[in-house]
Amino acid sequence: MIQVSKPFIGTSELNEIEKVFHSGWLGMGAWVKTFEDKICSYIGAIECIATNTGTNALHLALDILDLKPDDEVIVPSLTFIATIQAIIQAGGTPVFCDAEPTTLNISIEDLKSKITAKTKALVPVHYRGLPCNMEELLSLSNKYNFTVVEDAAHAFSSKYRSYDGSFAPIGSFGHLTCFSFDPIKVITCGEGGAVCTNNSEWAERIRKKRILGIDKDTWSRYKNERSWFYDVVERGYRHHMSNVNAAIGCKQLEQIETFILRRNEICKKYDQAFSSDIFKNKIMTLYSDYNQMATFTYIVRVLNNNRFELMNFLNSQGISTGVHYIPCHTQTICKNFRSENLITTNNISDEILTLPLHFGLSDQDVNFIIQSLKDYY
Ligand SMILES: Cc1ncc(COP(=O)(O)O)c(C=O)c1O
């Protein structure tokens, strides 16, 4: 079976884990600090706080906003339910926003119509790894005084192209940016996440909340020590990363450029194949810009109402596919949240299809997938 996504891990990760074992310090410690420092220098952020999942990175970033139940957090419906759960856990009320038809990133037009006096935060999702229009989003946040918590679970190492043509890594210039390093992301820690910010006060608060609100403890743990004295100053969680996960992440980070090059190369092969006549009015590709994207998923729109039939056919050929995502506003837990005018999201929800994309896919695999699609049509 060709998997839709798969981690690429090997002996360098195993050897690093062995070192963690020999150190006798499996929990949060020196490897976590090294991983955070490496992330800061790789993307050019001032602060990085590593967490045990991307969901909990989002939870921590939203938690420091001290949301009250009436406070609204605008979020695209086309995201993983983790984004919504993090907002709910942080005490906010999600308000669903539509997608822009060519990229499926958040629709700025719809966003403008959903901002109210209650809007306290916006959680844009850099869907597939394509950065949202950050200049527009940050300018709206200035104008209406809300915080932007980027869900960059898909976009570690993506680079935003600004209006002047310059590129800035996602996580280097926003308010609070949250990454995921779960098993299928461009790089993995096994499980893991991180919050990046240039605001040191926010970072300090997140650091404390990450480990049960305990003050003064983090820095000693980074030296693989545990102080017996601590002072608990506010509500906190057990959201920290472990040395074992950080060790995997450190080694994955060393390979990231090779991973991205190959992933984007595969995407270009798909793009080229789908531009041929045989797929006209059948498969619609999304807008991509591989100068900006460290592509996480390759998603197309399957026209003519036959997505499930196509998925079944590909499955019968040994090719697994996915759907990213069932729009969140249709989930039972979301039924009381505002979800008007989600026109594009509703239109594309039965069309989107995720094709296999991971570093281990060979050219032969990719050709076979494309040929199987041609065979179907
Ligand atoms: C858009 C989005 N947000 C948040 C998450 C949560 O990340 P994690 O699985 O690391 O908790 C994911 C994970 O796939 C995601 O795709």
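Nothing here was measured: the structure is a model prediction, and the numbers come from that model. Chains are numbered independently. Their residues run from 1 in the order of the written sequence. With pLDDT at 70 or above as the cut-off, local features in this predicted model cover only qualifying residues; side-chain atom pairs require 80 or more to be listed or tallied, and sums for whole chains, interfaces and linings still use all residues. The basis for every side-chain value is the complete set of heavy atoms in the structure, and neither hydrogens nor water enter the calculation.

*Asks:* How would you sum up the overall build of the protein chain? Please name residues and give values.
*Replies:* The way it works is that DSSP assigns letters per residue, a run of H or I at least four long becomes a helix, a run of E at least two long becomes a strand, and they are numbered from the N terminus. For the protein chain, the helix and strand inventory stands at 13 helices and 14 strands. For the radius of gyration, the atoms used are the C-alpha atoms, and the globule rule reads 2.2 Å times the number of residues raised to 0.38. Over its C-alpha atoms the protein chain spans a radius of gyration of 21 Å, differing by no more than 12% from the 21 Å that the globule rule assigns to 377 residues. C-alpha atoms of the protein chain, sized along the principal axes, occupy 70 × 55 × 45 Å. Taking contacts inside the protein chain between residues at least 6 apart in sequence as the whole, the part at least 24 apart equals 75%. The Shrake-Rupley method, run with a 1.4 Å probe sphere, supplies the accessible areas, and residue values consider only the shown protein chains as cover. Surface accessibility of the protein chain: about 15,800 Å² in total, with carbon and sulfur atoms responsible for 52%. Charge separation in the protein chain, taken as the distance between the mean sites of 37 positive and 42 negative side-chain charges, equals 2 Å. Whether two residues are in contact is decided by their heavy atoms, any of which lying within 4.5 Å being enough. Counted charges follow a simple rule, with Lys and Arg positive, Asp and Glu negative, and His plus the chain ends left uncounted. Here the site of a charge means atom NZ of a Lys, CZ of an Arg, CG of an Asp or CD of a Glu.

*Asks:* Residue-level account of the site of the ligand, with values.
*Replies:* Surveying the vicinity of the ligand reveals 17 residues, the closest of which are G54, T55, D151, S180 and K185. Looking at the shell around the ligand, the elements that each hand over two or more residues are α3 (54-63) and α4 (81-89). The element best represented in the shell around the ligand is α3, accounting for 3 residues. In this count, Pro and Cys sit with the nonpolar residues alongside Ala, Val, Leu, Ile, Met, Phe, Trp and Tyr, while Asp, Glu, Lys and Arg are called charged and the others, Gly among them, polar. Class assignment for the residues of the shell around the ligand results in 6 nonpolar, 8 polar and 3 charged. Being near a molecule or strand, for a residue, comes down to having at least one heavy atom within 4 Å of it.

*Asks:* Lay out the domain arrangement of the protein chain in plain terms, naming residues and giving numbers.
*Replies:* Once the domains are mapped, the protein chain shows domain 1 (11-255) and domain 2 (257-376). The split of the chain into domains comes from an automatic or database domain assignment. For domain 1 versus domain 2, the separation of C-alpha centres amounts to 26 Å. Listed as interface residues are 44 residues of domain 1 and, on the opposing side, 38 residues of domain 2. What counts as buried area is the accessible surface, traced by a 1.4 Å probe, that two parts surrender upon association, with contributions from both included. Summed over both partners, the interface of domain 1 with domain 2 buries about 3,600 Å², with 60% contributed by carbon and sulfur atoms. Of all residues in domain 1, the largest losses of buried area upon contact with domain 2 belong to F96, R128 and V186, amounting jointly to 20% of the total for that side. Salt bridges are identified by distance alone: a Lys or Arg side-chain nitrogen within 4 Å of an Asp or Glu carboxyl oxygen. Seen at the junction of domain 1 and domain 2, the total is 2 salt bridges. The closest approach of N and O atoms between E72 and R338, which form a salt bridge, is 3.6 Å. Nitrogen and oxygen atoms within 3.5 Å of one another constitute a polar contact, given that in protein one can donate a hydrogen and the other can accept it, and given that sequence-neighbouring residues count only through two side-chain atoms. Linking domain 1 with domain 2 are 23 residue pairs in polar contact (both at pLDDT 80 or more). Top element by residues in the side of domain 1 that touches domain 2 is strand β3 (residues 93-97). It accounts for 5 residues. Tallied by class, residues from the side of domain 1 that touches domain 2 come to 22 nonpolar, 13 polar and 9 charged.

*Asks:* Help me get a handle on helix α2 (residues 30-43), residues and values and all.
*Replies:* Here a helix's expected span is defined as the number of its residues, less one, multiplied by 1.5 Å. When the terminal C-alpha atoms of α2 are compared, their 20 Å separation across 14 residues agrees well with the 20 Å that a helix rising 1.5 Å per residue should span. Throughout, exposure labels follow a simple rule: accessible area from a 1.4 Å probe, protein chains only, divided by the maximum for the residue type, with under 20% read as buried, over 50% as exposed, and the rest as partly exposed. All of the buried residues along α2 are W31, V32, F35, E36, I39, C40 and I43. Downstream of α2 by one or two residues, G44 has phi in the positive range, about 80°.

*Asks:* Describe the packing of aromatic side chains, with residues and values.
*Replies:* The geometry of an aromatic ring pair is captured by two quantities: the separation of the ring centres and the angle between the planes. Pairing of aromatic rings covers Phe, Tyr and Trp, the last through its six-membered ring, and needs centres within 6.5 Å; plane angles under 30 degrees mean stacked, over 60 mean edge-to-face, and all others mean tilted. Applying the stated criterion across every chain yields a total of 17 aromatic pairs. Their ring planes at 80° and their centres at 5.2 Å tell us that F156 and F181 sit as a pair that is edge-to-face. Of this pair, F156 sits in the loop between β5 (147-151) and β6 (159-161) while F181 is found in the loop between β8 (176-180) and β9 (193-197), placing the two residues 25 residues apart along the sequence. We classify F181 as buried; its relative accessible area is 0%. Both rings, one in F274 and one in F279, keep their centres 5.0 Å apart while their planes meet at 80°; by these two values the pair is edge-to-face.

*Asks:* So what's going on with the environment of L130? Which residues, and what values?
*Replies:* Looking at where L130 falls in the secondary structure, it is placed in the loop between β4 (119-122) and α6 (134-144). What makes L130 buried here is its relative accessible area of 3%. Discounting residues that sit within four places of it in the chain, L130 has contacts with T103, N105, Y287, D289, Q292 and M293.

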